[in-house]
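Given next are the chains, with one letter for each unit.
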Amino acid sequence: MSVLSRDLIPRFHRLLTLGTKTTSVAAKPTTFYLLRMFSTDSLMDGFEIENQGARIIEAKPSIMTPSSKRTGVIALKCGMTAIWDKWGQRIPVTVLRVDDNIVTQVKTVEKEGHFALQIGYGSKKAKHLTKPEMGHFRAQNVPLKRKLREFRVTEDALIPVGTSIGVRHFVPGQFIDVTGITRGKGFQGGMKRHGFKGMPASHGASLSHRSIGSTGQRDAPGI
C-alpha cells in the first residue's frame, strides 16, 4: 500500500464519522454531502444545501415593449446586387444567407449574471472541433455548429435551447444593426488601402503608376 493511500483512508473515516455528531444549537444531526465536499461549490454554513431549481424557458408568445431587445442571427454574405423602385431608382443591396440558426445556450441572471442567447450557425464535422467545443454541444444536446455568437437580450425575449431562427425573425421595414468581418486582403498598396491618387501614368514613370509618391517635404520622410 502506497503512502498516499494510507493517508487517504483515515481522512475518509473522519468524513464518514462527521454525520453522527450533533450541533449544540439545533440539536439535530448535521448532514454532510460527501460528493459536494470535493466540489468548488461552497457549503451553506456546513448544513444541508437547498437545491434551487433552474429557470424553465418556455416557447410562448409575449408582448414586446419599447425597451425589449431580441436576439440577432448569424448570416453569410453571398454578394451584392441591385433592385429598382417604382421611380426607376437603382438601390444597391447585399445578399445574406441565413443557414440553420438555432439557440445553443440560454444565459440567465441567476447563473451567468446577465440575460443572453447563444446562437449557432451552419454545421461542422466532429473531427474539426476541439474537445471543449464537443462537450459544450453535447451538454446542450444541440447539433454541431460552425460559428457561435452571443446576443444580449431582455428577459421577455428568452427562447428555449434548440429553437430554430430564420429570416421570419425580422419583418419588412424593420431597422437592424449589421456587424461584419472583412475578409483578409493581404498586403495592399497605398491607392487601394488609403485612397492615394498615384503617380502619372505617362512615359518615363516605369512601374510606379500606383505608387504613393513623396509623403514629405524632406529626404527622411520622403520616398
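What counts as what
- Residues numbered from 1 in each chain as written.
- Predicted model: local features only at pLDDT ≥ 70, side-chain atom pairs only at ≥ 80, totals over all residues.
- Heavy atoms only, no water.
- Helix = DSSP H or I, 4+ residues; strand = E, 2+ residues; numbered from the N terminus.
- Buried < 20%, exposed > 50% of the residue type's maximum accessible area, 1.4 Å probe, protein only.
- Contact = heavy atoms within 4.5 Å.
- Areas by Shrake-Rupley, 256 points an atom, 1.4 Å probe, with all protein chains shown as cover.
- Pairing = 2+ DSSP bridges.
- Salt bridge = Lys/Arg side-chain N within 4 Å of Asp/Glu carboxyl O.
- Patch = residues over 30% accessible without salt bridge, like charges linked within 9 Å, V, L, I, M, F, W, Y side chains within 5 Å.
- Lys, Arg positive; Asp, Glu negative; His and termini not counted.
- Charge placed at Lys NZ, Arg CZ, Asp CG, Glu CD.
- Core = buried A, V, L, I, M, F, W, Y, C linked by side-chain atoms within 4.5 Å.
- pLDDT = per-residue confidence, 0-100.

A.B. asks: When you look at the overall build of the protein chain in this model, what are you seeing that I'm missing?
C.D. replies: Summing up its helical and strand segments, the protein chain has 3 helices and 6 strands in all. Its helices and strands taken in sequence order, the protein chain reads α-β-β-β-β-α-β-β-α from the N to the C terminus. Each of the 223 residues in the protein chain was classed as buried or not, and the buried ones make up 19%. Considering only contacts in the protein chain between residues 6 or more positions apart, those separated by 24 or more positions represent 47%. Carbon together with sulfur atoms contributes 56% to the accessible area of the protein chain, which is approximately 18200 Å² in total.

A.B. asks: Explain the side chain of glutamine 105 here, please?
C.D. replies: The residue glutamine 105 is located in strand E3 (residues 101–107) in this model. Residues contacting glutamine 105, with those up to four places away along its chain left out, are Glu112, Ala116, Leu117, Gln118, His136, Gln140 and Val161.

A.B. asks: I keep staring at the sheet that holds strand E5 (residues 147–152) and nothing clicks. Help me out?
C.D. replies: Adjacent strands of a sheet form backbone hydrogen bonds with each other and so pair up, either parallel or antiparallel. Within the open sheet, the 4 strands sit side by side as E5-E4-E3-E6. Their pairing is antiparallel. Of all the strands in the sheet, just E5 and strand E6 (164–165) have a single pairing partner and so form its edges. Strand direction decides the pairing type here: E3 and strand E4 (residues 116–121), joined by 5 bridges, are antiparallel. Its bridge partner being in E4, lysine 107 is matched across the sheet by alanine 116.

A.B. asks: Would you take a moment to explain the pairing of E3 for this structure?
C.D. replies: Along any regular strand, the residues point their side chains to alternate faces of the sheet. In terms of residue burial, E3 counts as a mostly covered element, since 7 of its 7 residues are buried. Where E3 and E6 come together, 2 bridges link them in antiparallel fashion. Note on E6: the bridge partner recorded for isoleucine 102 is serine 164.

A.B. asks: Explanation requested: the pattern of salt bridges in the structure shown.
C.D. replies: Once their charged atoms are close, side chains differing in charge can pair, the charge on each being opposite to the other. Enumeration according to the criterion identifies 4 salt bridges in this entry. Note that aspartate 100 and lysine 145 form a salt bridge whose closest N and O atoms lie 2.9 Å from each other. You can see aspartate 100 sitting in the loop between strand E2 (90–97) and E3 and its partner lysine 145 sitting in the loop between helix H2 (131–140) and E5, a full 45 residues away along the chain. Aspartate 100 gets classed as partly exposed once you look at its relative accessible area, which sits at 42%. Note on lysine 145: relative accessible area 2%, which makes it buried. Note that arginine 152 and glutamate 150 form a salt bridge whose closest N and O atoms lie 3.9 Å from each other.

A.B. asks: Just checking my understanding: could you explain a positive patch on the surface for this structure?
C.D. replies: Positive charge collects at one region of the surface, where Lys77, Arg183, Lys185, Lys192 and Arg210 lie side by side. Positionally, arginine 210 belongs in the segment after helix H3 (190–194).

A.B. asks: How should I be thinking about the nonpolar core in this particular structure?
C.D. replies: A general feature of soluble globular proteins is that nonpolar side chains tend to end up buried together. Formed by Val73, Ile74, Val103, Val106, Phe115, Leu117, Ile119, Tyr121, Val153, Ala157, Leu158 and Ile165, the largest nonpolar core amounts to 12 residues. Those elements that place two or more of their residues in this core are E3 and E4. For this core, the leading source of residues is E4, giving 3 residues. In this view, valine 73 contacts Val98, Asn101, Phe151, Ile165, His169 and Phe170; residues no more than four positions away in its chain are not counted.

A.B. asks: I would appreciate a short explanation of the confidence of the model for the protein chain in the present structure.
C.D. replies: Where the model shows low pLDDT, its predicted coordinates should not be examined in detail. Confidence along the protein chain averages 78 in pLDDT terms, with 74% of residues attaining 70 or more. Across residues 15–51, where pLDDT falls below 50, the model places 32 contacts with residues more than four positions away in sequence or in other chains.

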